[in-house]
Amino acid sequence: MFCRIGVFYDGSYFSYAQTYFYTEKKVGWLSFPPFHRLIEQFVSSKEQRYAAHRIVYASWHQGLFPASQTNEKQFQVERNRHLDLMHAGIEPKYVPMAPNGHEKGVDVSLAIDAMERAIEGKMDVAVLVTGDGDLTPLTRSLMKHGVRVGVVYFAYDSPHRNSRANNRLLAACNYSFNVNMLERDPRYAAVFQSLFRQPQGAAKG
């Protein structure tokens, strides 16, 4: 018997973390396959009654601009991201951007997706990759359906954008994990470095 894990990405939240690590920390590009292995190991430490722990479903939720509002560079970024998602087995679920340029409905899309998986009985643990307190009711609803909930988040300060996880969300979930704690603990230096890939052509040293 193995633990079935569903992973639900707040796409913009994860993308900001990728940019932070790549442009400011200069440690490489945060990559999905090792990130998924980290999630499986984290859940394994919390759900020890199972013989094995596997991600069986993953989805990505993010706003998407129409072509008329997207430049060539953004097209390239989105194409590369889409390929990364495909290779990692993550289902992209985009919602149209609001006319004012803000994301609208991403949290609703993520919540509906997670609840559908829970109602279908296809997962034992839901891992939310987000810091959004608006997803606190989702956490409680998943628990009512017998699904345990973990939150994996990033906590860092940046001149461009700070990242935190809402305290209500952290209090409502079964367990949580701050990825940046790996960076600050020498015992996990190798684990932290394994999360990143270097761009092609980067110098090794």
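Now for a look at the structure at hand.

## A short note on the sheet that holds strand β5 (residues 125-129)
Step number 1: Taking strand neighbours across the sheet as the criterion, the 6 strands line up as β4-β3-β1-β5-β6-β7 in an open arrangement whose pairing is parallel. Pairing within the sheet leaves two strands with one partner each, and these edge strands are β4 (91-96) and β7 (175-178). If you compare each strand with its neighbour and ignore which way they point, the axes differ by 20° on average.
Step number 2: With 6 bridges joining them, strand β3 (residues 52-64) and β4 adopt parallel strand pairing. Residue Q62 lies in a different strand from β4, and its bridge partner there is Y94.
Step number 3: Against the sheet, helix α1 (residues 11-25) makes contact with β1 (2-10), β3, β5 and β6 (148-153), and its axis sits at roughly 95° relative to β3, the strand it touches most.

## Here we look at helix α2 (residues 32-46)
Step number 1: Here α2 spans 21 Å end to end across 15 residues, near enough to the 21 Å set by a 1.5 Å rise per residue.
Step number 2: Along α2, the residues classified as buried are F32, P34, F35, H36, L38, I39, E40, F42 and V43.

## Looking at the pairing of β7
Regular strands show a simple pattern: their side chains alternate between the two faces of the sheet.
Step number 1: The pairing of β6 with β7 spans 4 bridges and is parallel. Counterpart to V151 in the pairing with β7 is S176.

Parameters at a glance
Residues numbered from 1 in each chain as written. Predicted model: local features only at pLDDT ≥ 70, side-chain atom pairs only at ≥ 80, totals over all residues. Heavy atoms only, no water. Pairing = 2+ DSSP bridges. Helix = DSSP H or I, 4+ residues; strand = E, 2+ residues; numbered from the N terminus. Axes fitted to C-alpha atoms, helices over the stretch in contact; angles between N-to-C directions. Contact = heavy atoms within 4.5 Å. Expected span 1.5 Å × (residues − 1). Buried < 20%, exposed > 50% of the residue type's maximum accessible area, 1.4 Å probe, protein only.

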